[in-house]
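# Reading the structure
Letter by letter, the chains look like this.
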Amino acid sequence: MDYLELKINCLEDFREILIAELAEIGFNSFLETEEGLDAYAPENEFDRESFLNLIEKYKLPAEITWHESKMPKVNWNEEWEKNYDPIEVDDLVFVRASFHQPNPGYKYEIVINPKMSFGTGHHATTFQMLKHQGEIDHRGKRVLDVGSGTGILAIMAHLLGAKEVKAFDIDEWCVENGNENFDLNGLITRMEIGTIREVNPEGPFDIVLANINKNVLLDEMKIYADLIPPKGHLFLSGFYNEDVDDLLECAKPMGLSLISKLSKDNWAALILQKN
């Protein structure tokens, strides 16, 4: 399956919002560049009308120009390797690719070779989820990673001492890449393919991690809540600060209360606890 590569030149202040909007219309991988961003979507799933409408919406304020090309899967490794830098999350974790040198100055290290998957730690949502994970004891816990992408959050859970980690994603490339990253980091578990309804994970899970987007989180909130026992935790990200109230309003009737919130580049991340 070939991917379409859209090289988008835009003002720096518009990168994050464009990534969020493009993710809503089927783009599943992004690479920030000096000029703007590169966005990738499976050719057979590309919604050209929605893309053109989005470009028209932001063309003037973001000063957008763009170029489209086709990129076979086999060329992706070379492309991201040129631009992929290690990520530091406080002193908690150092996230690097296999071609980077280790850095011993951190509690944990994660090796991620992302290919076409979302979740390298570069994006504010992934960064905040990793930081939140450092706040909650994972030792001996069952953890579910919903929409796992590269598997980075599942790997973090493993490093933090989770006794069992279950992960899945709807994209076959993510599953392939996630399992490769699991191998790099010593996880025996295998990432599955499907939505949460299709995978139908068997609870309870002490911790549920969901870094997706607002609409999916609202739709699946009851499923998450039903999988979590009293005192269990739900980590949420993939939405803006202005979306927090809607998510908390949805979660409250299900016995989920806010215990921690982070914000970075107008992206929010929450930890909720089951009453």
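Up top you'll find the structure we're talking about.
Right, let's walk through the structure included here.

About the criteria used
Residues numbered from 1 in each chain as written. Predicted model: local features only at pLDDT ≥ 70, side-chain atom pairs only at ≥ 80, totals over all residues. Heavy atoms only, no water. Helix = DSSP H or I, 4+ residues; strand = E, 2+ residues; numbered from the N terminus. Rg over C-alpha atoms; globule rule 2.2 N^0.38 Å. Buried < 20%, exposed > 50% of the residue type's maximum accessible area, 1.4 Å probe, protein only. Contact = heavy atoms within 4.5 Å. Areas by Shrake-Rupley, 256 points an atom, 1.4 Å probe, with all protein chains shown as cover. Lys, Arg positive; Asp, Glu negative; His and termini not counted. Charge placed at Lys NZ, Arg CZ, Asp CG, Glu CD. Core = buried A, V, L, I, M, F, W, Y, C linked by side-chain atoms within 4.5 Å. Pairing = 2+ DSSP bridges. Axes fitted to C-alpha atoms, helices over the stretch in contact; angles between N-to-C directions.

## What to know about the overall build of the protein
Within the protein, the regular secondary structure consists of nine helices and 14 strands. Relative to a compact globule of 275 residues, whose C-alpha radius of gyration would be 19 Å, the protein shows 18 Å and is just as compact. Within the protein, the fraction of its 275 residues that count as buried is 53%. Counting contacts in the protein only where the partners sit at least 6 residues apart, residues at least 24 apart contribute 64% of the total. Accessible surface, the protein as shown: approximately 12,600 Å² in total, 48% of it carbon and sulfur. Positive and negative side-chain charges in the protein, numbering 26 and 49 respectively, have mean positions lying 6 Å apart.

## Describing the environment of F30
Here F30 is to be found in strand 2 (residues 29–32). Between the C-alpha atom of F30 and that of A41, which follows or precedes it by eleven residues, the distance is 9.4 Å. Other than its neighbours up to four places away in sequence, F30 contacts I19, L22, A23, L37, D38 and A39.

## A few points about the nonpolar core
Ranked by internal contacts, the top residues of the largest apolar core, which has 30 residues, are V95, I110 and L130. Going through the elements one at a time, strand 5 (87–89), strand 6 (93–96), helix 4 (124–133), helix 5 (152–159), strand 9 (164–169), helix 6 (172–184) and strand 11 (207–211) are the ones with two or more residues in this core. Take this core: its biggest share by element is six residues, from helix 5. The residues contacting L130, other than those within four sequence positions of it, are V89, L92, V95, I110, I152, L153 and M156. Membership of the second largest hydrophobic core comes to 24 residues, among which are L144, A210, Y224 and L272.

## Digging into the side chain of H132
As for its placement among the helices and strands, H132 is situated in helix 4. For H132, a relative accessible area of 0% corresponds to the buried category. Excluding residues that lie within four positions of it along the chain, H132 makes contacts with F235, S260, K261, L262, A269, L270 and I271.

## A word on the sheet that holds strand 9
The seven strands lie next to each other as 10-9-8-11-12-14-13, forming an open sheet whose pairing is mixed. The open sheet terminates on both sides in strands that have one partner only, identified here as strand 10 (192–193) and strand 13 (256–264). Relative to strand 14 (residues 267–274), strand 12 (residues 233–240) runs antiparallel, the two sharing seven bridges. The residue of strand 14 that forms the bridge with L234 is L272. Together, strand 11, strand 12, strand 13 and strand 14 form the strand contacts of helix 4, whose direction differs from that of strand 13 by roughly 130 degrees. Sheet strands in contact with helix 9 (residues 244–251) are strand 12, strand 13 and strand 14, and its direction is about 15 degrees off that of strand 14.

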